[in-house]
Amino acid sequence: MTPVYLDNNATTRTDPDVVAAMLPYFTEQFGNASSMHAFGAEVGGALKRARQQLQALLGAEYDHEIVYTSGGTEADNAAILSALETQIGRDEIITSAVEHPAILSLVAHLEKTRGVKVHVIGVDARGRLDLDAYRAALGPKTAIVSIMWANNETGTIFPVEQLARLAHEAGALFHTDAVQAVGKIPLNLAESEIDMLSLSGHKLHGPKGIGALYVRKGVRFRPLVRGGHQERGRRAGTENAPAIVGLGKAAELALAHMADEQTRVAGLRDRLEKGLLQRIGNSFVTGDADHRLPNTSNVAFEYIEGEAILLLMNKEGIAASSGSACTSGSLEPSHVLRAMNVPYTAAHGAIRFSFSRENSEVDVDRVLEAMPPIIARLRDMSPFWRERDTSAAFNPTYA
Ligand SMILES: *Cc1c(COP(=O)(O)O)cnc(C)c1O
């Protein structure tokens with residue numbers, strides 16, 4: 001039984017071409033890019049090429065707008081902490097209720113320990129940002145706005161250009177966690193007002209432990225990691241040359257595949273959703289159907305537990321994920337679905353399917369065959385299913 005991997009928003013397989021591009025930098029090309037000899041110069045040249053590959057994927061105009069980091073999490077942390085230092089007299093942060101923990105746990109910590117005021121903007125039932133609340137929160141004290149480009153659980157895409165313009169009208173910086181957007185949808189930062197953007201290698205078939213923070217030319221920046229002069233003094237520490245080369249190659253491949261893959265992968269996703277909703281009652285798709293990543297589908301199966309579904313899927317060789325996390329014995333559904341007011345009975349049974357260019361129709365067929373008996377079996381055992389209200393024609397409108 002060949003495994004079916006539909007958890008690409010958690011991580012992707014490193015592309016074999018990426019691995020091949022990286023290998024020489026573990027062996028012959030082992031130099032330190034900062035060294036004044038040939039060993040260093042060769043690696044220095046490779047880092048420069050990687051920068052250009054990434055720049056092309058982002059549509060970034062200038063050299064040196066990219067600061068390599070250890071991943072998306074570090075890039076997110078660096079952006080927010082820098083803004084608090086450079087935005088003199090401003091000590092408020094605006095973010096959304098559906099951000100990744102890399103943002104939410106950082107801002108909660110800053111609120112608790114530094115007295116920073118944090119505005120967490122809510123979303124509607126489709127996961128769309130409350131624009132009125134956003135406008136109301138912006139003001140002369142706003143240091144930075146951090147709103148993700150696309151949500152990792154539902155795929156919902158946010159109007160980041162519009163949000164950036166509004167932030168600038170209030171004199172605030174605008175950062176976006178674009179970890180899920182980069183490599184999946186076209187980006188053109190040269191034409192945008194976005195000041196800072198985070199990305200991560202392992203979400204686009206690159207290696208783990210490498211990412212980048214884009215910092216627009218002219219935006220003041222204070223480093224998170226201090227030490228040597230690497231990255232023009234913006235991120236100290238000897239460059240992770242093999243990983244940077246891998247990220248560059250991953251960016252090149254993502255750009256080359258993008259036009260075809262966007263529509264192909266969206267086709268797989270739509271086929272999966274249609275098939276699941278046809279075969280399984282009391283199920284629905286969450287997220288903003290009109291503004292969604294092509295690769296992400298979040299389907300809620302009512303009256304059962306996501307963990308149990310995943311376990312039985314795993315037995316069939318199918319990997320996906322649920323938003324819920326088991327904390328101290330009590331199962332809390334995903335903060336994203338809760339922010340969207342998805343009822344608990346459905347949020348608990350939400351499964352995220354996330355595709356990549358490595359998936360095919362065979363994978364979709366396998367899932368469509370495996371899911372109906374899994375859901376039926378779990379509902380048979382579920383007291384919530386037996387006691388459900390069948391009188392009301394409950395017709396959720398979360399898609
Ligand atoms: C995966 C992810 C991150 C974290 O990136 P790492 O490179 O794993 O640190 C941050 N934000 C979003 C939206 C993600 O999906």
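Bear in mind that the values here come from a model prediction, so they are computed numbers and not experimental data. Position labels on residues start from 1 in each chain and follow its written sequence. Reporting of local features is limited, given that this is a predicted model, to residues whose pLDDT is at least 70; pairs of side-chain atoms are given and counted only at 80 or more, and all residues count toward the totals for whole chains, interfaces and linings. The basis for every side-chain value is the complete set of heavy atoms in the structure, and neither hydrogens nor water enter the calculation.

1. Brief notes about the nonpolar core
Ranked by internal contacts, the top residues of the largest apolar core, which has 68 residues, are Leu58, Tyr134, Trp149, Phe174 and Leu197. The biggest single contributor to this core is helix 8 (residues 241–279), with 10 residues. Two residues form a contact once any of their heavy atoms are found within 4.5 Å. Sequence-distant contacts of Leu197, that is, excluding residues within four places in its chain, are made with Leu58, Trp149, His175, Thr176, Ala178, Val182, Leu187, Leu189, Ala212, Leu213 and Tyr214. Counting 28 residues, the second largest nonpolar core, distinct from the first, contains Leu6, Ile304, Leu368 and Met371. Nonpolar core, defined: a set of buried Ala, Val, Leu, Ile, Met, Phe, Trp, Tyr and Cys residues in which side-chain atoms within 4.5 Å join the residues together. A simple rule labels every residue: compare its accessible area, found with a 1.4 Å probe on the protein chains alone, to the largest value its type can have, and call it buried under 20%, exposed over 50%, or partly exposed in between. Put simply, DSSP H or I for four residues or longer makes a helix, DSSP E for two residues or longer makes a strand, and each gets a number counted from the N terminus.

2. Here's the deal with the site of the ligand
In the vicinity of the ligand, the contacting residues are Gly71, Gly72, Thr73, His100, Met148, Asn152, Asp177, Val179, Gln180, Ser200, His202 and Lys203. Pairing of N or O atoms within 3.5 Å defines a polar contact, subject to two protein rules: one partner must be a possible hydrogen donor and the other a possible acceptor, and residues neighboring in sequence count only if both atoms are side-chain atoms. In the model, an oxygen atom of the ligand is placed 2.8 Å from a nitrogen or oxygen of the His202 side chain. Throughout, the Shrake-Rupley method with a 1.4 Å probe supplies accessible areas, and for residues the shown protein chains are the sole cover considered. With the chains in place, 88% of the 380 Å² that the ligand exposes on its own is no longer accessible. Amino acids outside the nonpolar list (Ala, Val, Leu, Ile, Met, Phe, Trp, Tyr, Cys, Pro) and the charged list (Asp, Glu, Lys, Arg) are all regarded as polar, and Gly is one of them. Looking at the shell around the ligand residue by residue, the classes come out as 2 nonpolar, 8 polar and 2 charged. When we say a residue is near a molecule or strand, we mean one of its heavy atoms is within 4 Å of it.

3. Quick look at the environment of Leu47
Following the sequence through the fold, Leu47 ends up in helix 2 (residues 38–58). Separated by 199 residues in the primary sequence, Leu47 and Gly246 place their C-alpha atoms 10 Å from one another. Leaving out residues up to four positions away in the same chain, Leu47 has contacts with Ala33, Tyr68, Glu239, Ala241 and Ile244.

4. Brief notes about the domain arrangement of the protein
Boundaries between domains were set according to an automatic or database domain assignment. Splitting the protein by domain gives domain 1 (16–256) and domain 2 (258–386). Of note, the centres of domain 1 and domain 2, computed from C-alpha atoms alone, are 29 Å apart. With 30 residues of domain 1 in contact, the opposing surface of domain 2 contributes 24 residues. Defined here as a combined quantity, buried area equals the accessible surface (1.4 Å probe) lost by two parts on assembly, summed across both. When domain 1 packs against domain 2, the two sides together hide about 2,300 Å² of surface, and 57% of this comes from carbon and sulfur. The largest per-residue losses of area from domain 1 upon contact with domain 2 belong to Glu153, Thr154 and His205, which jointly make up 30% of the total buried on that side.

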